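Residue-level listing of the chains:
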Amino acid sequence: MNMNKKLLLLCAIVICLGLICIIPQPSPSKADNYHQSKQFYTLTINNNQLDLSNKNLTAFDLEKIIIDTSIVNFSTNTLWPTKMPIGFDPKALLSSGMNPGLNIRNLHDLGIKGGGVGIGIIDQALLLTHNEFSDQIKYYETTNSRYSDSEADYHGTVVASIAVGNNDGVAPEANLYYINDALFNHGYTYDEIACSLSNDISKLIEINKDLSDSEKIRVISISLSLRTVKENCLDKQNLELLDAAITKAEAADIVVLTTDIFDEYGDFGTPIKKLPYTDADDYQNYFPSRTFYNRSIVEKISVPIEGKTVAYYQGDNEYQYVNNGGLSWAVPYIAGLYVLCCEVDPFMNYEKFIDVIEMTSLSLSSSYDNQLFRLDKIIQPEQVILYLLSH
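Residues numbered from 1 in each chain as written. Predicted model: local features only at pLDDT ≥ 70, side-chain atom pairs only at ≥ 80, totals over all residues. Heavy atoms only, no water.

Observations regarding the packing of helix H10 (residues 350-360) against helix H11 (residues 381-390)
Step number 1: It is the contact of H10 with H11, at a shortest axis distance of 9 Å, that shows an interaxial angle of 115°. When the axis of H10 is compared with that of H11, the two are roughly perpendicular. For the crossing formed where H10 meets H11, the hand is right-handed. Only Gln 383, Val 384, Tyr 387 and Leu 388 of H11 make contact with H10, whose side of the interface consists of Lys 352, Val 356, Ile 357, Met 359 and Thr 360.
Step number 2: In terms of residue class, the contact of H10 with H11 is built from six nonpolar, two polar and one charged. (Axes fitted to C-alpha atoms, helices over the stretch in contact; angles between N-to-C directions. Helix = DSSP H or I, 4+ residues; strand = E, 2+ residues; numbered from the N terminus. Parallel < 35°, antiparallel > 145°, perpendicular 65-115°, else oblique. Left-handed = near helix turned anticlockwise from the far one by under 90°. Contact = heavy atoms within 4.5 Å. Nonpolar A, V, L, I, M, F, W, Y, C, P; charged D, E, K, R; others polar.)

Structure below.
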């Protein structure tokens, strides 16, 4: 290689080394943050939800990670790191979400808490020892036990908490009669569930016969659609059994509430969600649930179902903050309010219940996430009870 070529090669090497020095290189801390962020979201994102429940996050530096409070779920047994995201306050969210909302606690302060009125729930296995509702349980039975579904389940624990929980429930002094139907948590045919539900409802009716007038079961909460079950039954006999059980319940002055109250024939429409960190008692802090808004009916009654703190099946004193609920969470909320109405008005019936809710509801036109919305009938539990007390 001649001298000129050697000089050119040397110059090229020097220039490259100079560029490497001049071009900014990522600092180890930024690289670490990137990898931590990637690992964090890989660990916690599930079905478009940031699920931090029952997770050990102590190894993470979350200071520079943004947590979207509109999708985050976490629990009291989540282990947090020392460095937390700026503006993210799990304790405040848990506290705010624990309030059943819309001034229900004002009714509790007046001593209106369900006062021994009976409520039946048919759902999945319950954590019987949870401090939120263990004292309220007066009867518990597992049906279809061939499925060996005896362990506590997430869903059953939530619905019981919403209905009769000491801190987050609507009617914390109601008497709970609970049937754990194992079919709720396994594959089943519609004929099987129709037959099983008819037996469950009939069992609660039998229990009710031995209760005093002031402690009668006045409502049964079932967080599924009976209309869907009926429409898909192949055996007419199973359909007749279910219809007969519901008719017997109504004759015994027991209202059977299911998610059918939200369909096109029902009285309830758009479920609502509370803005994070805001006052749960102020109806202006609510907006339509994104899950249901596109198929909702705004002129019907709206009830809160999301942004709640509920009993968590992982331990007797564990709770979970959950952003996205469902119609199955609305049913026990409404059932709990019906219990409060029965406490102050023993002659309460479903038609009167709906009439008073509609008379006392409030409308709201606002915007959320740059989208306008309208809610014509946001439920006002305090005003419902105050109306009943004055009429």
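Examining the packing of helix H5 (residues 154-164) against helix H9 (residues 327-344)
Step number 1: Viewed as axis vectors pointing N to C, H5 and H9 meet at an angle of 30°, and their least axial separation amounts to 7 Å. One element, H5, and the other, H9, form an angle in the roughly parallel class. Judged by the twist between their axes, the crossing of H5 over H9 is right-handed. Touching Tyr 154, His 155, Val 158, Val 159, Ile 162 and Ala 163 of H5 are Ser 328, Trp 329, Pro 332, Tyr 333 and Gly 336, all from H9.
Step number 2: A per-class count over the contact of H5 with H9 returns eight nonpolar, three polar and no charged.

Thoughts on the environment of Glu 173
Step number 1: Counting through the fold element by element, Glu 173 comes out in the loop between H5 and strand S6 (175-181).
Step number 2: Considered as a pair, Glu 173 and Asp 135 are 38 residues apart in the sequence and their alpha carbons are 8.9 Å apart.
Step number 3: When neighbours within four sequence positions are excluded, Glu 173 is seen to be in contact with Lys 113, Gly 114, Gly 115 and Gly 116.

Considerations on the nonpolar core
Step number 1: Counting 65 residues, the largest nonpolar core has Ile 119, Leu 176, Leu 257, Phe 268, Val 303 and Phe 353 as the members making the most contacts within it.
Step number 2: It is H9 that contributes the most residues to this core, 13 residues altogether.
Step number 3: Ile 179, Ile 217, Leu 224 and Val 229 belong to the second largest nonpolar core, which has 26 residues in total. (Core = buried A, V, L, I, M, F, W, Y, C linked by side-chain atoms within 4.5 Å. Buried < 20%, exposed > 50% of the residue type's maximum accessible area, 1.4 Å probe, protein only.)

Some details on the sheet that holds strand S10 (residues 286-288)
Step number 1: If you walk across this open sheet you meet the three strands as S10-S9-S12, and the pairing is mixed. If you trace the sheet from one side to the other, it starts and ends with S10 and strand S12 (304-306), each paired once. Strand after strand, the sheet turns through a mean of 50° between neighbouring axes, direction not considered.
Step number 2: Relative to S10, strand S9 (residues 272-274) is paired through three bridges, and the arrangement is antiparallel. If you follow Lys 274 over to S10, its bridge partner there is Tyr 286. (Pairing = 2+ DSSP bridges.)

Considerations on the environment of Ala 182
Step number 1: Tracing the backbone through its elements, the reader meets Ala 182 in the loop between S6 and helix H6 (190-209).
Step number 2: Take Ala 182: its relative accessible area is 0%, and that puts it in the buried class.
Step number 3: Expressed as a C-alpha distance, the spacing of Ala 182 and Gln 124, which sit 58 residues apart in the sequence, is 6.2 Å.

Focus on the packing of aromatic side chains
Step number 1: Counting across every chain of the model gives eleven aromatic pairs.
Step number 2: On the basis of an interplanar angle of 15° and a centroid distance of 5.6 Å, the ring pair of Tyr 140 and Tyr 178 is categorised as stacked. Taken together, the residues Tyr 140 in strand S5 (residues 137-143) and Tyr 178 in strand S6 connect sequence positions 38 residues apart.
Step number 3: A relative accessible area of 24% means that Tyr 140 is categorised as partly exposed.
Step number 4: By relative accessible area, Tyr 178 is classed as buried at 0%.
Step number 5: Aromatic pair Phe 262 and Phe 268: ring centres 5.7 Å apart, planes at 45°, arrangement tilted. (Phe/Tyr/Trp six-rings, centres within 6.5 Å; stacked < 30°, edge-to-face > 60°.)

Quick word on H10
Step number 1: Buried residues of H10: Tyr 350, Phe 353, Ile 354, Val 356, Ile 357 and Thr 360, and no others. Looking straight down H10, one finds that the buried residues subtend no more than 165° of arc, so they occupy a single side. Looking at H10, the residues exposed on the side facing more than 90 degrees away from the buried face are Glu 351 and Met 359. (Arc of directions from axis to C-beta.)

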